[in-house]
Amino acid sequence: MTAFLADACARRVWLFDLDGTLVDSCPAHEAAFLRAIAEVAPDRLASFRYADHAGASTREVAVRLLGDGGEADRLARLKQRLYRERAGAVAVFPGARRLLGRLVAGGRDAYLVTSGSRASVAGVLAASSLGAYFRGVLTSDDVPASKPDPAFYAYACAHWGLDPGAAVVLEDSAHGVASAVGAGLTTLHVHAAEPAPGAVAVRDLEQIVSLLLAEVGGAG
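Below: a short report on this structure. It should be emphasised that the depicted structure is a prediction, and the values quoted were computed from it without experimental measurement. (Residues numbered from 1 in each chain as written. Predicted model: local features only at pLDDT ≥ 70, side-chain atom pairs only at ≥ 80, totals over all residues. Heavy atoms only, no water.)

1. Looking at the sheet that holds strand 8 (residues 200-202)
So, point 1. Reading across the sheet, the 6 strands line up as 5-4-1-6-7-8 and stay open at both edges, with parallel pairing between neighbours. In this open sheet, the two edge strands, each paired with only one partner strand, are strand 5 (136-138) and strand 8. Each neighbouring strand pair of the sheet contributes to a mean axis angle of 25°, computed without reference to strand direction.
So, point 2. Inspection of the sheet shows strand 1 (residues 13-16) paired to strand 6 (residues 167-171) by 4 bridges, in the parallel sense. The residue of strand 6 that forms the bridge with L15 is V169.
So, point 3. Relative to the sheet, helix 8 (residues 174-182) contacts strand 6 and strand 7 (186-190), its axis offset from that of strand 7 by approximately 170°. (Pairing = 2+ DSSP bridges. Helix = DSSP H or I, 4+ residues; strand = E, 2+ residues; numbered from the N terminus. Axes fitted to C-alpha atoms, helices over the stretch in contact; angles between N-to-C directions. Contact = heavy atoms within 4.5 Å.)

Right, here's the structure in full:
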């Protein structure tokens, strides 16, 4: 485990999920879904569990619930509008800025690969001041796939010309882990007591910062 984490932290390229990984936005996403479902499809409200869909795009969740049609489109649009009203109040997880700052200062490249919509992601990045750390951002509006499809991360690597063997992914959801692992990427599962298949759990972002600091200390 320790050797795996040390190897992962030595990678030059880092691919980050956003929601639930760097920012504590899952409560806001869940609240927006519940309000939207209550209006568009109230008969589905009692059986909806946000945790079952975390990591997937809003459009994908809407299609799972209502099928590929007009009602799913309506649900997705309403949920996104409700979420964007809350985006400015989404909290950044402890250690997120320290981690991204440490990577950039060390000459490593950070990219954002998120199932959020372009407008929602832009709102969160602006409010949290995290956008400047990333060399590139891909959202669900840019990628012709949705997590857990491995094509999501495969597309990211191809789009930016990245070597998967030099990269590490940081995810918080089973859907995100499945997409990254399926694309052949070394994957860390943060904020998880038990990692999803193929990933290694890390307690929180501060644990990764500590590992990076130890790496610097060892080199000295």
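The rest of the description comes next.
2. Digging into unusual backbone geometry
So, point 1. Of note, the bond from K147 into P148 is cis; its omega dihedral lies within 30 degrees of zero at 20°.
So, point 2. Along the chain, P148 falls in the loop between strand 5 and helix 7 (151-160).
So, point 3. If you check the backbone angles, S129 has positive phi at about 60° while not being a glycine.
So, point 4. Inspection of the secondary structure assignment puts S129 in the loop between helix 6 (118-128) and strand 5.

3. Let's talk about the side chain of H29
So, point 1. The topology assignment puts H29 in helix 2 (residues 26-40).
So, point 2. Aside from chain neighbours lying at most four places away, what touches H29 is D19, Y50, K79 and Y83.

4. Remarks on the environment of V168
So, point 1. In this structure, V168 sits in strand 6.
So, point 2. On the basis of relative accessibility, which here comes to 0%, the residue V168 falls in the buried class.
So, point 3. Measuring from C-alpha to C-alpha, the distance between V168 and V13 comes to 6.4 Å, with 155 residues separating the pair along the chain.
So, point 4. Leaving out residues up to four positions away in the same chain, V168 has contacts with A8, R11, V13, W14, L15, T186 and L188. (Buried < 20%, exposed > 50% of the residue type's maximum accessible area, 1.4 Å probe, protein only.)

5. A look at the pairing of strand 7
So, point 1. With 5 of 5 residues buried, strand 7 lies mostly within the body of the structure.
So, point 2. Residues of strand 7 alternate between two faces, with T186, L188 and V190 on one and T187 and H189 on the opposite face, all of them buried.
So, point 3. With 4 bridges connecting them, strand 6 and strand 7 associate as parallel partners. Residue pairing for strand 7: E171 is matched across the bridge by H189.
So, point 4. This β-α-β element, strand 6 to helix 8 to strand 7, shows right-handed connectivity.
So, point 5. Where strand 7 lies against strand 8, 3 bridges are found, and the strand directions are parallel. Bridge pairing links L188 to V200 in strand 8. (Right-handed = clockwise from strand over helix to strand, strands pointing away.)

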